[in-house]
Amino acid sequence: MRRLPLRRLVTLATLAVVGAATLGTTAACGGDSDAAGDSGPVTLRLGYFPNLTHAPAVVGVEKGIFKEKLGSDVTLETKTFNAGPAAIEAVFSGALDATYIGPNPTVNAFSKSKGEAVRVVSGAASGGVALVVKPGITSVEQLRGKKIATPQLGNTQDVALRYWLKEKGLATTKEGGGDVKVVPQENAQTVETFGSGAIDGAWVPEPFVSRLVNAGGKVLVDERDLWPDKKFVITNLLVSTKFLKAHPDVVKKLVEGQVAANEFVNAKPDEAQQAVSEHIGKITGKPLDVKLIKQAWSTLEFTNDPIASSLKAGLDHAVAVGLTQPVDLNGLYDLKYLNEVLKAEGKPEVTQP
């Protein structure tokens, strides 16, 4: 299959992005005849975002953890994204085999391919998201008529903001109208537009929460406070079903890398934070301030549990704000390899949803 270029800017909503690719993906995922468990040379194309909620991926790449676990027969190619819908488009087009991603794009990919295209094979992180606003805004009612940014229409933070506003009696539209004007834009741009006064706040992941706070903003909503036990999936590891069927051995090695990366992140936070700083610097041209990373680190929990109950709740929220239709999630999770890896290391296994 010809690999498509990833350089074009993606501005479509999640449903439009995923829907446009559904037919091709569904056909591609059906009845793959590649030899399962083939140990010959394989290229694994892995996506992730250069932010703190993807720290296991960032550290796994920067410290060579994935490369070590994948072994010499697997060539790792990596690509970075700003938000989930663009990463899902890459999976559907055949340009990615696996990606770290948030729950809402995961659900949309599963739904639009009728449960064929993708599987969640591990969790990665929880938390690390907040609504940051101008200091003068002290209540939700003061958001009426204001402009609030999210990373992309239909991404996980976009759904979270719209649902929270709906619960508070404030309407939004996909076109940016309603009581609160939601403005999808890249996270790096959001820091600039917040500083210039073009937006009044943003519902974003770390490190952009801390960057906005340091630019004069304040946290109005810490998303952890909206979830039971302050736990909700912000990042899980998703693979294309086609790749999983063709190369289950490679997927298991990738999961081994994910577990090892999380172990590194949790056991050596200072070294992990330095690795995140350096790696983001390689991508953006400027290392992320380690003090900023430390400031944000405490809002995150790095866990291999995909916290499936929160993904289901997120789906309900997306339905409530009109960004998707109800979906039967049966078959989305394939945690066999995760539990094999955890069991082999004497760690508690994760319940299969």
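Given the structure is predicted, the values throughout are model-derived calculations rather than measurements.

1. Observations concerning unusual backbone geometry
Cis geometry is found at the peptide bond from Glu 206 to Pro 207, where omega equals 10°. Within the secondary structure layout, Pro 207 lies in the loop between strand 8 (201-205) and helix 8 (208-214). Of note in this structure, Lys 230 is not a glycine but carries a positive phi near 60°. Within the secondary structure, Lys 230 sits in the loop between strand 9 (218-222) and strand 10 (233-240).

2. Digging into the nonpolar core
Residues Leu 143, Leu 254 and Val 276 are the most contacted members of the largest nonpolar core, which totals 93 residues. At nine residues, the largest contribution of residues to this core is made by helix 10 (residues 248-267). What Leu 143 contacts, discounting residues up to four positions off in sequence, is Leu 131, Val 133, Ile 137, Ile 148, Trp 164, Leu 165, Leu 170, Asp 179, Val 180 and Leu 220. Formed by eleven residues, the second largest nonpolar core is a distinct cluster that contains Ala 149, Phe 194, Ile 199 and Ala 202.

3. Brief notes about the packing of aromatic side chains
Under the defined criterion, the tally for this structure stands at four aromatic pairs. Considering the side-chain rings of Trp 164 and Trp 203, the 5.8 Å spacing of their centres and the 50° angle between planes classify their relative orientation as tilted. Taken as a pair, Trp 164 in helix 6 (residues 156-167) and Trp 203 in strand 8 lie far apart in primary sequence, 39 residues in all. With a relative accessible area of 9%, Trp 164 lands in the buried category.

4. Notes on the sheet that holds strand 3 (residues 98-101)
Taken in spatial order, the six strands line up as 2-1-3-10-4-11 in an open sheet, and their pairing is mixed. With partners counted over all chains shown, the strands left at the sheet margins are strand 2 (74-80) and strand 11 (300-301), one partner each. Examined bridge by bridge, strand 3 and strand 10 share four bridges and lie antiparallel to one another. Counterpart to Thr 99 in the pairing with strand 10 is Leu 238.

5. A look at the confidence of the model for the protein
Overall, the predicted model of the protein reaches an average pLDDT of 89, with 89% of residues at or above 70. Taken together, the stretch residues 1-37 has pLDDT below 50 and engages in 66 contacts with residues farther than four places along the chain or on a different chain.

6. Here we look at empty space enclosed by the protein
Evaluated as defined, the whole model comprises one cavity of 30 Å³ or more. The calculated volume of the largest cavity comes to roughly 130 Å³. What lines the largest cavity is a set of 16 residues, and nearest its centre among them are Phe 49, His 54, Gly 102, Asn 155 and Gln 157. Grouping the amino acids of the lining of the largest cavity by side-chain chemistry returns six nonpolar, ten polar and no charged.

7. A closer look at helix 12 (residues 290-297)
Every α-helical turn comprises 3.6 residues, leaving residues that sit three or four positions apart pointing alike. Within the span of helix 12, buried status applies to Leu 292, Ile 293, Ala 296 and Trp 297. Taken end-on, helix 12 shows its buried residues confined to a sector of 135°, consistent with a single buried face. In this structure, the buried residues of helix 12 make contact with helix 2 (55-62), helix 8, helix 10, helix 11 (269-284) and strand 11. Of the residues that open helix 12, the one with a side-chain oxygen 2.9 Å from the backbone nitrogen of Lys 291 is Asp 289.

What counts and how
- Along each chain, numbering runs from 1 in the same order as the chain's sequence is written.
- Local features are withheld for residues below a pLDDT of 70 in this predicted model, meaning they are given only at 70 or higher, and side-chain atom pairs are given and counted only at 80 or more; totals for whole chains, interfaces and linings count all residues.
- The basis for every side-chain value is the complete set of non-hydrogen atoms in the structure, without hydrogens or water.
- Strands are runs of DSSP state E lasting at least two residues, helices are runs of H or I lasting at least four, and both sets are numbered from the N terminus onward.
- Throughout, nonpolar core names a set of buried Ala, Val, Leu, Ile, Met, Phe, Trp, Tyr and Cys residues whose side chains join them through atoms within 4.5 Å.
- Residue burial is assigned from relative accessible area. The probe radius is 1.4 Å, only protein chains are included, and a residue is buried under 20% of its type maximum, exposed over 50%, and partly exposed in between.
- In this analysis, two residues are considered to be in contact whenever any of their non-hydrogen atoms come within 4.5 Å of each other.
- Only rings of Phe, Tyr and Trp enter the pairing, Trp through its six-membered ring, and a pair is recorded when the two centres are within 6.5 Å. The plane angle decides the type: under 30 degrees is stacked, over 60 is edge-to-face, the rest tilted.
- When DSSP finds two or more bridges between a pair of strands, those strands are recorded as paired.
- Confidence of the prediction at every residue is given by pLDDT, a number between 0 and 100.
- Cavity and pocket criteria rest on a 1 Å grid covering protein atoms alone: a 1.4 Å probe that fits but cannot get out defines a cavity, protein on both sides within 12 Å along at least 5 of 7 lines defines an open pocket, and an atom within 4 Å of a point defines a lining residue.
- Grid points are joined across faces, edges and corners, and a volume is the space filled by probe spheres set on the points.
- Three classes are used, and their members are as follows: Ala, Val, Leu, Ile, Met, Phe, Trp, Tyr, Cys and Pro are nonpolar, Asp, Glu, Lys and Arg are charged, and the others, Gly among them, are polar.
- Each direction from the helix axis to a C-beta atom contributes to the arc, which is the arc of those directions.
- Residues adjacent in sequence count toward polar contacts only when both atoms are side-chain atoms; beyond that, a polar contact is any pair of N or O atoms within 3.5 Å, and within protein one must be able to donate a hydrogen and the other to accept it.

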